[in-house]
Amino acid sequence: DYAKEIGVEKTDLQNYRKIVESLGKIVNPETDVSVIEELKSLFSRIISKRLKPKQAPRYPVEEGDELSDPALLVSDVKSGNLNPKVWEDTEIKERKGDKFGEVEITLVCDRSSSMTDGDGQKAVEQRKSAVLIMEVLKDFAEICDEEKMNIDKPLEIKSEIYSFASSEEDRIPLKQMSKDLGEVERINILKKLQNLPGSTTDFNCLEAINSGLDEKTRQKIKESELKKIVIVFTDGGSDSVSKVQTALKGLRDAGIVVVGVGLTKAGEPARTTYAPNAQVVENITDLPIVLGELLKEHLKDI
C-alpha cells in the first residue's frame with residue numbers, strides 16, 4: 001500500500017490526488033485554456049528566454065568555421081577557383097532573459113473559522129488553490145533543475161506556505177522556504193488547511209516574513225537577482241489592520257510584491273487593508289483562476 005509506505009492516511013492521499021485531477025478541468029473563461037496549461041506555457045517561455053546563445057548558419061563565405069560542401073570545394077579548386085565560397089560561418093544569436101536568478105513565492109492561507117460559513121465553499125476553493133500553487137511550483141522548480149545546463153542564467157524557484165489561525169503557529173510556516181516540495185509534505189499541508197479554528201490574524205504571518213528578511217536577501221532584491229512574491233488569502237477584516245499595514249510597508253519598501261486577495265464579499269476589507277495591490281474574488285469558485293492570473297502577472301518579467 002503506497003499510502004502506508006510514505007506514511008500518510010489512504011484517504012488523505014486519495015483526497016489530494018482527487019483535487020490535483022480536478023485542477024486540470026479548471027478553464028480560464030477568457031482564453032478557453034486550462035489554468036494549468038497556461039502556467040506551463042508561461043514556464044516554457046521563461047525557460048526559452050534563458051537558453052544559451054544559439055549558433056545560426058550564415059553562408060556562403062570564402063573563409064569560415066565549417067566546410068559545408070566538400071564536393072563543391074574539390075570541383076572549384078580543380079577549375080582554378082582557389083577561394084571557393086563553400087565554408088559555413090556561424091553567428092551567435094543571443095536570447096536573453098532578465099537578471100533574476102531566484103524567485104521566492106509565499107502563499108498565506110486563512111484558517112479563520114469564518115471560512116466555513118455558508119456552504120464552506122471558501123475553504124474548499126482555498127484548499128484547491130493551495131494545491132494548485134504547490135503543484136505548479138513543484139513542476140516549475142523541476143523544469144528549472146532539468147534545464148540548468150542549457151540556460152545561460154540558471155533560475156531557482158522556491159516556495160513557502162503560511163496560515164493564520166490566532167496562535168503562535170502563525171509565525172511558523174507550514175512549509176519552509178525551499179525548492180523541495182515532496183508529495184507527503186503537500187498532503188500534510190492540505191490536511192492542515194482543513195482545520196479552521198481561528199480568526200483573522202494575518203499580521204502574524206506578515207510580521208514573521210518581514211522579520212525573516214536578512215541583509216543578504218534585501219541586497220539580492222535590490223540588485224534584481226531575487227524576486228519575492230507574497231499572496232495573502234483572507235475572508236474578512238484583519239484583527240489588526242495597523243499591524244498588517246506596518247508589516248506591508250516593511251515588505252514593500254524592501255521591494256517585495258505583496259497581494260491581498262479577499263474571499264467573497266466578506267473579504268471586501270482586503271481592498272483597503274492591502275491597497276494598492278489588492279482584489280476581491282466575489283465568486284469563490286474563480287479563486288484558482290485568479291491565483292493563476294496572479295502567478296502569470298508577476299512571473300512574466302523574470
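No experiment lies behind these values; they were computed from the predicted model shown.

Caption draft 1: Quick peek at the pattern of salt bridges. The final tally for this structure, using the stated rule, is 20 salt bridges. Here K227 ties to D301 by a salt bridge, and the two come within 2.8 Å at their closest N and O atoms. Taken together, the residues span a long stretch of sequence, with K227 in strand β9 (residues 226–234) and D301 in the segment after α11 (287–299) at a distance of 74 residues. E268 is the partner of R271 in a salt bridge, and the nearest nitrogen-oxygen pair spans 2.5 Å.

Caption draft 2: Representation of the packing of aromatic side chains in the model. By the definition in use, this model includes one aromatic pair. The interplanar angle of 5 degrees and the centroid separation of 3.9 Å between the aromatic rings of F43 and F140 together place this pair among those described as stacked. Within this pair, whereas F43 is found in helix α3 (residues 35–49), its partner F140 is found in helix α5 (residues 121–146), the two being separated by 97 residues in sequence. The class of F140 is buried, set by a relative accessible area of 0%.

Caption draft 3: Representation of the packing of α3 against α11. Close contact between α3 and α11 brings their axes to 10 Å; oriented N to C, the two are set at 10 degrees. Considered as vectors, α3 and α11 are oriented roughly parallel to each other. Note on element contacts: α11 touches α3 through P288, I289, G292, E293, L295, K296 and L299, opposite V35, E38, L39, L42, F43 and I46. Along the lines of polarity and charge, the residues of the contact of α3 with α11 split into nine nonpolar, one polar and three charged.

Caption draft 4: A look at the pairing of strand β7 (residues 156–164). Burial of β7 is extensive: seven of the nine residues sit out of reach of the surface. For strand β6 (residues 102–110) and β7, the ladder comprises nine bridges, and the chain directions are parallel. Counterpart to I105 in the pairing with β7 is S159. Looking at chain direction, β7 and strand β8 (residues 175–178) are connected through two bridges and run antiparallel. What sits directly across from S159, in β8, is S178.

Caption draft 5: The arrangement of unusual backbone geometry in detail. Residue P276 is reached from A275 by a cis peptide bond, and omega for that bond is 5 degrees. You can see P276 is positioned in the loop between α10 (270–273) and β11 (278–281). Phi angles above zero are rare outside glycine, and S166 is one such case at about 55 degrees. As for its position among the elements, S166 is in the loop between β7 and β8. A residue is classified by how much of its surface remains accessible, and S166, at 41% relative accessible area, is partly exposed.

Caption draft 6: Main features of the sheet that holds strand β10 (residues 257–263). Across the sheet, which stays open at both edges, the six strands sit in the order β8-β7-β6-β9-β10-β11 with mixed pairing between neighbours. Either end of the sheet is taken by a strand with one partner, and the two such strands are β8 and β11. Strand-to-strand twist of the sheet, defined as the mean angle between neighbouring strand axes without regard to direction, takes the value 20 degrees. Inspection of the sheet shows β10 paired to β11 by four bridges, in the parallel sense. Bridge pairing links G262 to V280 in β11. With respect to the sheet, α11 is in contact with β6, β9, β10 and β11, its orientation differing from that of β9 by roughly 160 degrees.

Caption draft 7: Geometry of α11. Taking 1.5 Å per residue, 13 residues should reach 18 Å; α11 reaches 18 Å between its end C-alpha atoms and fits that length. Within the span of α11, buried status applies to L287, P288, I289, V290, L291, G292, L294, L295, H298 and L299.

Caption draft 8: Structural detail: the side chain of R111. Mapped onto the secondary structure, R111 falls in the loop between β6 and α5. The side chain of R111 sits in the buried core without any salt bridge; E169 is the nearest counter-charge, 4.5 Å away. Among the polar contacts made by the side chain of R111, one reaches the side chain of S163 at a distance of 3.3 Å. In this structure R111 touches S163, F164, A165, K192, L193, N195, L196, P197 and G198, once residues within four positions along its chain are discounted.

Caption draft 9: Molecular detail of the packing of helix α7 (residues 202–211) against helix α9 (residues 241–253). Where α7 contacts α9, the two axes come as close as 9 Å, and the packing angle between them is 25 degrees. Taken together, the axes of α7 and α9 lie roughly parallel to each other. Classified by chirality, the crossing of α9 by α7 is left-handed. Contact residues: α7 offers D202, F203, L206, E207, I209 and N210, while α9 offers K243, V244, A247, L248, G250 and L251. Its residues assigned to classes, the contact of α7 with α9 shows seven nonpolar, two polar and three charged.

Caption draft 10: Spotlight on the confidence of the model for the protein. Residues with a pLDDT of 70 or more make up 84% of the protein, whose mean pLDDT is 88. Low pLDDT, under 50, characterises residues 89–98; the predicted model gives this stretch 34 contacts beyond four residues in sequence or across chains.

Scoring rules and cut-offs
Residues numbered from 1 in each chain as written. Predicted model: local features only at pLDDT ≥ 70, side-chain atom pairs only at ≥ 80, totals over all residues. Heavy atoms only, no water. Salt bridge = Lys/Arg side-chain N within 4 Å of Asp/Glu carboxyl O. Helix = DSSP H or I, 4+ residues; strand = E, 2+ residues; numbered from the N terminus. Phe/Tyr/Trp six-rings, centres within 6.5 Å; stacked < 30°, edge-to-face > 60°. Buried < 20%, exposed > 50% of the residue type's maximum accessible area, 1.4 Å probe, protein only. Axes fitted to C-alpha atoms, helices over the stretch in contact; angles between N-to-C directions. Parallel < 35°, antiparallel > 145°, perpendicular 65-115°, else oblique. Contact = heavy atoms within 4.5 Å. Nonpolar A, V, L, I, M, F, W, Y, C, P; charged D, E, K, R; others polar. Pairing = 2+ DSSP bridges. Expected span 1.5 Å × (residues − 1). Lys, Arg positive; Asp, Glu negative; His and termini not counted. Polar contact = N/O pair within 3.5 Å; in protein donor to acceptor, adjacent residues only side chain to side chain. Left-handed = near helix turned anticlockwise from the far one by under 90°. pLDDT = per-residue confidence, 0-100.

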